[in-house]
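Summary of the model geometry
What follows is the residue order along each chain.
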Amino acid sequence: MADRAPFAGWRVLEQSNGIAVSYCGKMFADAGADVVKIEAPQGDSMRRWSAGGPPGALFGYLAAGKRSVVAARPEAAALLAGADIVLTDLTDAWALDDLTAHTGPSAVVVAVTPFGTAGPYVDDQLIANEFILQALCGSIAGRGWPGDEPVQAGGRLGEWLAGTFAAAVAAAAARHAARGGRGEVVDVSTYEAMAIAMGGLSAMSASVLGADSLLHQRSLELPSIVPTADGMVGFCTITAQQFQDFLVMIDRADLVDDAELASFAGRVERRDEFLAMVTRWTRARSTQEIVDLAVALRIPVAPIATPEMLPTIDHFVQRGVFTESERGVLQPRVPYRSDAMTTRPPGVPPELGADAGRVHWPPRPRRPEGADADALPLSDTRITDFTAFWAGPVATQLLGALGADVIKIEGVRRPDGMRFSAGRPPDWDQWWEWGPVFLCSNNNKRGISVELGTEAGRAVALELVAASDLVIENFSPRVMANFGLEWDAVAAANPRAIMVRMPAFGLDGPWRDRVGFAQTMEQATGMAWMTGHADGPPVIPRGVCDPIAGLHAAFAAVAALVIRDGDGFGMLVESTMVEAALNVAAEMLVEYSCNGIKLRRNGNRGPGATPQGVYPCRGEDEWVALAAMGDAARVGLARLIDRTELGADEDGWRDRADEIDKQIAEWAARRAVADAVDALRAAGVAAARVTAAAELLNDPQLLARGFWETVDHPVAGSFLCTGMPFAFLGRPRRWIRRVPPLYGQHTDEVLTGVLGRGRRDLAELRAAGVTSVRPAGL
């Protein structure tokens, strides 16, 4: 069985001026595709991008291994006719209809734009960069202490997120087209992707629980990032046990029974007292000493990675997660790997137009359409889903939305922990059916209960593996070993099965068995270092790492299916959460490696817009976000605040940033937020109200686009749920075809219909506690 790149021979045409489409194209280039950038004469704007020094570092990371042409319309049309996938952000002269008019019938065209291609925000020509989208999607409103200025997530994570969504859906659609399916035009909205991953937790909670939702107030976690004797360390105590162990670790076992501190709300009330006692303890110890103690107690922990520290972290060094490009720049490697899959090492980014006249893509011959040409891309795929919490379920939910038959296995003694998170109290009937994140990340799945710690349960799982194409799990590595369900067992049961494992830190290395949540990844990869006020501590973005990990795993799963289509063999794929996070946080490392620049958090300011920030308006906790993204916007803003002498000069605005911020704040404080937004937009300045995530449920753009889909759940009732952040143009937009399963709801259906078990078998399994309609111990 020869190793090979999954997308070798695929032709991908990329037209972009930002991160999202560039990163999508990079994912295909990494996996072996021939990616050609078609650029305007001035080139991709990322060539000129600088986040703190000379331009080129981030472009080099995103464009390595691609080719570049500057083509007039006839030449560009010829390339379009020969492309398998076209990726565009519609920022150059070609409109979407122009592109699709020149592509072949099997081509997949993917447009990634701020709001999608239709809807009131598009009709109103709303201007938005990542910062404005964060204000709209609930990200900024939820980050910071009540009463303080809310703050953005650093690093433009929404753009990376949208690019990863685009890559996963493009790969699945193109594979389907290559096997006799029809081409697709995919309309991806960055705003919708951010609404899922950056404002989604609070919006999901508000949708399911209404007024009872607890996830609505601006907050930071306690404990989180604190100073040590020689740096900073970050904690994450998700469970009550972890928090109790944390108190023991900091020599405050006397507070274990303090009911007020045990609650997050109580810690917020007493945050000064709590932080003082934590930092007294941490400042007296080194980072490594604290990490060793926390790891021994299984408390999620990580050193706070800085640009210069990242390449020296022991786990990253021993696993070889960083690689040198041909230009000598250190960068994260591809975040998934398999012995049966080749990925391309980072090459050299192309000079503008370097490949003019060298790209010859004859039109693809018309492929005969199969009987299922109009089916969803993965409608012939079955998945055994062992995932839990959020990252793994995001992967399988996306694959399920694209047509896969996803069968979710939950233990009798240990169901998916998200069933119990932030839902109803235990005195509610069927309270385990109310977890908002569970309900919004497990659609399009059949749910079965199987106690994997028994021989009979393991046998059921292996029978299901034998009937599946994909097996996906995201436990810590020791869990599947304890169940006897590692790769050897899976391959023996089904040589064609593809097993995607999603451990937090990897299947080997010194951090292999550590507990890790999204917060831990954000602390360890630099995301936290890039988030927060300039004069304050780093802050976790909170949440985005789970979807990012899930989307990379879904992309890797499709890549593995493409290889299997050719050789018929299954494979083991490792797709780690931490390496997915490192890839989307790569700017910090590549800037340091390439230019010696140590990027860091800077509050709500950021390159690409000057000024940029949030300012309080009339009313309680009302803020306006604005971003002046060019000379005309600065001139318009100068008129509004009666400082016309400032003109358009960006350097002048930047040099007087603090003074100007005060003047903008005085201007905003006299106005209602809606009036401030209207005035700014009329002056050509991108602006938005800093919107609470719960208000996304009434957002006119999301409603008009059909982003929210109604779920009628037998226990939780009717609520709005996030669908997918993309539409297949020409098809009805309805991604949720099956509501999230009740615990064990489909056990009998799957065991009889898929595995051929008889009624007597089912009764014996139930009597032995191998299956159940109710989690054990409740």
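Attention in this report is confined to the structure presented alongside it. Being a predicted model, the structure only gives us computed values, none of them experimental.

**Some points on the sheet that holds strand β21 (residues 686-689)**
Ordered in space as β19-β20-β21, the 3 strands form an open sheet in which the pairing is antiparallel. Both outer strands of the open sheet, β19 (612-616) and β21, are each paired with one neighbouring strand and no more. If you compare each strand with its neighbour and ignore which way they point, the axes differ by 20 degrees on average. Both β19 and strand β20 (residues 623-627) contribute to a ladder of 5 bridges, which runs antiparallel. Paired with Val614 across the bridge in β20 is Ala625. In this fold helix α27 (residues 657-669) packs onto β19 and β20, with an angle of close to 40 degrees to the strand it touches most, β19.

**Thoughts on the pattern of salt bridges**
By the definition in use, this model includes 57 salt bridges. Residue Arg501 pairs with Glu486 through a salt bridge whose shortest N-O separation is 3.6 Å. Within this pair, whereas Arg501 is found in strand β17 (residues 498-501), its partner Glu486 is found in the loop between α19 (477-483) and α20 (487-493), the two being separated by 15 residues in sequence. Residue class for Glu486 comes out partly exposed when judged on its relative accessible area of 32%. Here Asp748 ties to Arg759 by a salt bridge, and the two come within 3.9 Å at their closest N and O atoms.

**Thoughts on the packing of helix α1 (residues 19-30) against helix α7 (residues 157-178)**
One way to put it is that α1 packs onto α7 with a least axis distance of 7 Å and a crossing angle of 45 degrees. Between α1 and α7, the interaxial angle falls into the category oblique. Taken as a pair, α1 and α7 cross one another with a handedness that is right-handed. Here Ile19, Ala20, Tyr23, Cys24, Met27 and Phe28 of α1 lie close against α7, whose contacting residues are Glu159, Trp160, Ala162, Gly163, Thr164, Ala166, Ala167, Ala170 and Ala171. Class assignment for the residues of the contact of α1 with α7 results in 12 nonpolar, 2 polar and 1 charged.

**Describing the environment of Pro307**
Structurally, Pro307 can be placed in the loop between β9 (301-303) and α15 (314-319). A sequence separation of 232 residues divides Pro307 from Val539, and the C-alpha atoms of the two residues are 16 Å apart. If we ignore the near neighbours within four places in the chain, the residues touching Pro307 are Trp529, Met588, Leu589, Tyr592, Lys598 and Leu599.

**A closer look at the sheet that holds strand β1 (residues 11-15)**
Spatially, β3-β2-β1-β4-β5-β6-β24 is the arrangement adopted by the 7 strands of the open sheet, whose pairing is mixed. At either margin of the open sheet sits one strand with a lone partner, and together these are β3 (67-69) and β24 (726-728). Each adjacent strand pair in this sheet contributes to an overall mean axis angle of 20 degrees, direction not counted. Together, β1, β2 (34-38), β4 (85-88) and β5 (108-113) form the strand contacts of α1, whose direction differs from that of β4 by roughly 150 degrees.

So, how was this worked out
Along each chain, residue indices are assigned from 1 in the same order as the chain's sequence is written. The model is predicted, so local features are restricted to residues of pLDDT at least 70 and side-chain atom pairs to those at 80 or more, both for listing and for counting; the totals for chains, interfaces and linings are taken over all residues. Calculation of side-chain values draws on the structure's entire complement of heavy atoms; hydrogens and water are dropped beforehand. Only strands that DSSP links by at least two bridges are regarded as paired with each other. Helix and strand labels come from DSSP, where a helix needs a run of H or I of at least four residues and a strand needs a run of E of at least two; each type is numbered from the N terminus. Between N-to-C directions, angles cover 0 to 180 degrees, with each direction set by a line fitted to C-alpha atoms, over the stretch in contact for helices. Working rule for contacts: check all heavy atoms of both residues, and any pair within 4.5 Å makes them a contact. One speaks of a salt bridge when a side-chain nitrogen belonging to Lys or Arg is within 4 Å of a carboxyl oxygen belonging to Asp or Glu. For each residue, the accessible area found with a 1.4 Å probe, counting protein chains only, is set against the maximum for its type, and the residue is called buried under 20%, exposed over 50%, and partly exposed in between. Here is the rule for angles: anything less than 35 degrees is roughly parallel, anything more than 145 is roughly antiparallel, 65 through 115 is roughly perpendicular, and the remaining ranges are oblique. When the near helix sits turned anticlockwise from the far one by under a right angle, the crossing is termed left-handed; a clockwise turn instead gives a right-handed crossing. Classification convention: Asp, Glu, Lys, Arg as charged; Ala, Val, Leu, Ile, Met, Phe, Trp, Tyr, Cys, Pro as nonpolar; all other residues, Gly among them, as polar.

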